[in-house]
2 protein chains.
Amino acid sequence: MNIEDKKIFSDKWFSYLQEQICNSFEKIEIESRSQKKFISTDWYKKSKGRGGGTYKILKNGKIFDKVGVNKSTVSGIFSKKFRHNIPGAQKDGKYWASGISVVAHMKNPKIPAIHFNTRFIVTSKNWFGGGIDVTPSFKDKKEEKIFHSSLKKVCKENNKNYRKYKIWCDKYFFLPHRNEPRGIGGIFFDYENKNWEKDFKFVRDVGINFLVISKNIIKRKINLKYKGKDKEKQLLKRGRYIEFNLLYDRGTKFGLNSGGNTEAILMSLPPNAKW
Amino acid sequence: MNIEDKKIFSDKWFSYLQEQICNSFEKIEIESRSQKKFISTDWYKKSKGRGGGTYKILKNGKIFDKVGVNKSTVSGIFSKKFRHNIPGAQKDGKYWASGISVVAHMKNPKIPAIHFNTRFIVTSKNWFGGGIDVTPSFKDKKEEKIFHSSLKKVCKENNKNYRKYKIWCDKYFFLPHRNEPRGIGGIFFDYENKNWEKDFKFVRDVGINFLVISKNIIKRKINLKYKGKDKEKQLLKRGRYIEFNLLYDRGTKFGLNSGGNTEAILMSLPPNAKW
């Protein structure tokens, strides 16, 4: 398959997946007798290249305090300062990138925040990246087991090195200034470019796994009661989440450096937080 | 005066000023029939050099939602990655730094957040830096005039270039990803090293001006009524404040890169915010 076809296939997949995730989450809201729907916004790059995206946000639901599902496809030239960090971009800085990212902040503090992202990047090289991780405010060993083993299964079925991705995730979602992890990890992978068809299948399977596991995680605890002090604990945890995303997150830096849409990039921030 | 004496003089001044500011703010609380006092925490650098500091925080007051007054004096060696940005540190990375910073987040959303900082830095060079700026959630032309003219006066009395510092402040406290300023500016100066005695006097005068102007700004509006939607507006403004501090602020980066105390560095964050 030539690179232009690869771009089209991955771009279309991410759009398809965005629809499925929004449908799945809206269904959860409807089942909880909520009328809340995703509000969809299209945006186009104004400078520094081409492309754009669609971000869909559902706020103040019965289940979701705020959930954003963002899909974008952009291209352009990286600034000289930024390009030396990107494989295959050193020479001319050219890039094309398509991806989907999801961050769900739950109303019920007993249900963890969930983050998912997959992307296909093209410079003079090309590769997939992505991952899933969850950030609970309360320890739940059973949930951890269900979550991690679902990821292990997806990796195994695709002959991917689960252990490597798990360690990468723990290392990535870590706040050095707090000496604490953001959440309980999951998987994180990048620079996947051994066999395009197989890597693309893996990326699709990770996306489908997110659809299934996010629903499971939410439904397990959808009826759990909580108190004001539980919500307080979640708001403090969200403060840490914000610190990580603004101080360290590569996706945030990539977005702001590639002329992305600010609302779409900072969609990941929770609706409120405390320190 | 030799450099060791300069270090002692500036360090002692910042400690003295910290006391005065805390006393002034506690008095404002007491006058509003609040029992809230500053809680003081000493910390010591555990790695990457010597020194430490004292941060004082007053939370949940009748006037202040949260105000932090942080004084620290640290020394060590900058990492190779960080030192190329610091004048006089390129060769061996050695530094000594003392300073005071204050961030006040007000309960009444009609009163702006106020930020103040002064510092003395020693590498193979030495210089003063600092500034004052305010971040209102509501436009108030009269307040702007009082505030800016007080700074103009201090600069004039010390033969300092007010216009340069004002522009520097506007440029510094700007969120490019939002294309909006953090607040209404004030003054920002750095690398002041023409005449140590005169520069030190200027730094002291800026500190005293902060004492006076912060009290004036607060007292002008202390009895103003506000509604829930006014508080909402302030919480959204605080979200922008957090974005600036974590994405761009040099002081935050300096602190985290010089082994500073995380609680002291992130004392600048508001107690809560919304997006």
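Only a predicted model underlies this, so the values are computations on that prediction, with no experimental measurement involved.

**Points about the overall build of chain A**
Here is step 1: Within chain A, the regular secondary structure consists of eight helices and 10 strands.
Here is step 2: For chain A, the C-alpha radius of gyration of 18 Å lies close to 19 Å, the compact-globule estimate for 275 residues.
Here is step 3: Taking the principal axes of its C-alpha atoms as reference, chain A extends roughly 55 × 40 × 40 Å.
Here is step 4: For chain A, the residues scored as buried account for 59% of the 275 residues in total.

**Some remarks on the interface of chain A and chain B**
Here is step 1: Taken together, the contacts link 21 residues of chain A with 21 residues of chain B.
Here is step 2: In total, chain A and chain B occlude about 1,700 Å² of area from one another, counting both sides; carbon and sulfur atoms represent 63% of this.
Here is step 3: Broken down residue by residue, the surface that chain A buries against chain B is led by A:Leu246, A:Leu247 and A:Trp275, which jointly contribute 34%.
Here is step 4: Linking chain A to chain B there are two salt bridges.
Here is step 5: In this structure, the connection of chain A to chain B is made through nine residue pairs in polar contact (both at pLDDT 80 or more).
Here is step 6: Only α6 (228–247), α7 (250–257), α8 (262–265) and β10 (272–274) of chain A provide two or more residues apiece to the side of chain A that touches chain B.
Here is step 7: Looking at the side of chain A that touches chain B element by element, the count peaks at four residues for α6(A).
Here is step 8: For the side of chain A that touches chain B, the residue count by class is 11 nonpolar, four polar and six charged.
Here is step 9: Strand direction decides the pairing type here: β10(A) and strand β10 (residues 272–274) of chain B, joined by three bridges, are antiparallel. Paired with A:Lys274 across the bridge in β10(B) is B:Asn272.

**Looking at the relation of the copies chain A and chain B**
Related by rotation about an axis and a shift along that axis, the two copies of the chain form a pair.
Here is step 1: Rotating chain A by 180° and translating it 0.0 Å along the rotation axis places it on chain B, where the RMSD comes to 0.0 Å. The superposition of one copy onto the other is thereby described by a two-fold rotation axis.
Here is step 2: Here 100% of the interface residues in chain A have copies in chain B that are interface residues too; the copies meet face to matching face.

**Quick word on the packing of aromatic side chains**
Here is step 1: Counted by the stated rule, this structure contains 48 aromatic pairs over all chains.
Here is step 2: Summarising the aromatic geometry, the rings of A:Trp13 and A:Tyr16 are spaced 5.5 Å apart at their centres and angled 35° between planes, so their arrangement reads as tilted. Of this pair, A:Trp13 and A:Tyr16 both sit in helix α1 (residues 3–31), three residues apart, which is roughly one turn of the helix.
Here is step 3: Take A:Trp13: its relative accessible area is 11%, and that puts it in the buried class.
Here is step 4: Ring centres of A:Phe25 and A:Phe64 lie 4.8 Å apart, and the angle between their planes is 40°; on these two criteria the pair is classed as tilted. Pair noted here: A:Phe25 is in helix α1 and A:Phe64 is in strand β3 (residues 64–77), with a separation of 39 residues, a long-range link. Taken individually, A:Phe25 and A:Phe64 each receive the classification buried, so the pair is uniform in this respect.
Here is step 5: Among the aromatic side chains, those forming a connected cluster through ring pairs are A:Trp127, A:Trp168, A:Tyr172, A:Phe173, A:Phe188, A:Tyr191, A:Phe244 and A:Tyr248.
Here is step 6: The lysine or arginine in question, B:Arg182, covers the ring of B:Tyr241, its NZ or CZ lying 4.0 Å from the ring centre.

**Some points on the environment of B:Ile114**
Here is step 1: Summarising the element assignment, B:Ile114 is placed in strand β5 (residues 113–122).
Here is step 2: When residues no more than four places from it in sequence are discounted, the contact partners of B:Ile114 are B:Val102, B:Val103, B:Ala104, B:Met106, B:Asp133, B:Val134, B:Phe210, B:Ser214 and B:Ile217.

**What about unusual backbone geometry?**
Here is step 1: Phi is positive for A:Arg33, which is not a glycine, with a value near 60°.
Here is step 2: Topologically, A:Arg33 is positioned in the loop between α1 and β1 (39–44).
Here is step 3: For B:Asn179, which is not glycine, the phi dihedral falls at a positive 50°.
Here is step 4: Take B:Asn179: it is sitting in the loop between β7 (174–175) and β8 (180–181).
Here is step 5: Judged by its relative accessible area of 61%, B:Asn179 falls in the exposed class.

**Focus on the confidence of the model for chain A**
Here is step 1: Averaged over all residues, the pLDDT of chain A is 95; the fraction at 70 or higher stands at 100%.
Here is step 2: Reported confidences for the modelled complex are a pTM of 0.90 and an ipTM of 0.84.

**Details of a positive patch on the surface**
All names here are of chain A.
Here is step 1: A cluster of basic residues, Arg-33, Lys-36, Lys-62 and Lys-107, forms a positive patch at the surface.
Here is step 2: Following the sequence through the fold, Lys-107 ends up in the loop between β4 (94–106) and β5 (113–122).
Here is step 3: In this structure Lys-107 comes out as partly exposed when scored by relative accessible area, which is 33%.

So, how was this worked out
Residues numbered from 1 in each chain as written. Chains lettered and ligands numbered in written order. Predicted model: local features only at pLDDT ≥ 70, side-chain atom pairs only at ≥ 80, totals over all residues. Heavy atoms only, no water. Helix = DSSP H or I, 4+ residues; strand = E, 2+ residues; numbered from the N terminus. Rg over C-alpha atoms; globule rule 2.2 N^0.38 Å. Buried < 20%, exposed > 50% of the residue type's maximum accessible area, 1.4 Å probe, protein only. Contact = heavy atoms within 4.5 Å. Buried area = accessible area lost by both parts, 1.4 Å probe. Salt bridge = Lys/Arg side-chain N within 4 Å of Asp/Glu carboxyl O. Polar contact = N/O pair within 3.5 Å; in protein donor to acceptor, adjacent residues only side chain to side chain. Nonpolar A, V, L, I, M, F, W, Y, C, P; charged D, E, K, R; others polar. Pairing = 2+ DSSP bridges. Least-squares fit on C-alpha atoms with pLDDT ≥ 70 in both. Phe/Tyr/Trp six-rings, centres within 6.5 Å; stacked < 30°, edge-to-face > 60°. Lys NZ or Arg CZ within 6 Å of the ring centre and 35° of its normal. pLDDT = per-residue confidence, 0-100. Patch = residues over 30% accessible without salt bridge, like charges linked within 9 Å, V, L, I, M, F, W, Y side chains within 5 Å. Areas by Shrake-Rupley, 256 points an atom, 1.4 Å probe, with all protein chains shown as cover. Lys, Arg positive; Asp, Glu negative; His and termini not counted. Charge placed at Lys NZ, Arg CZ, Asp CG, Glu CD.

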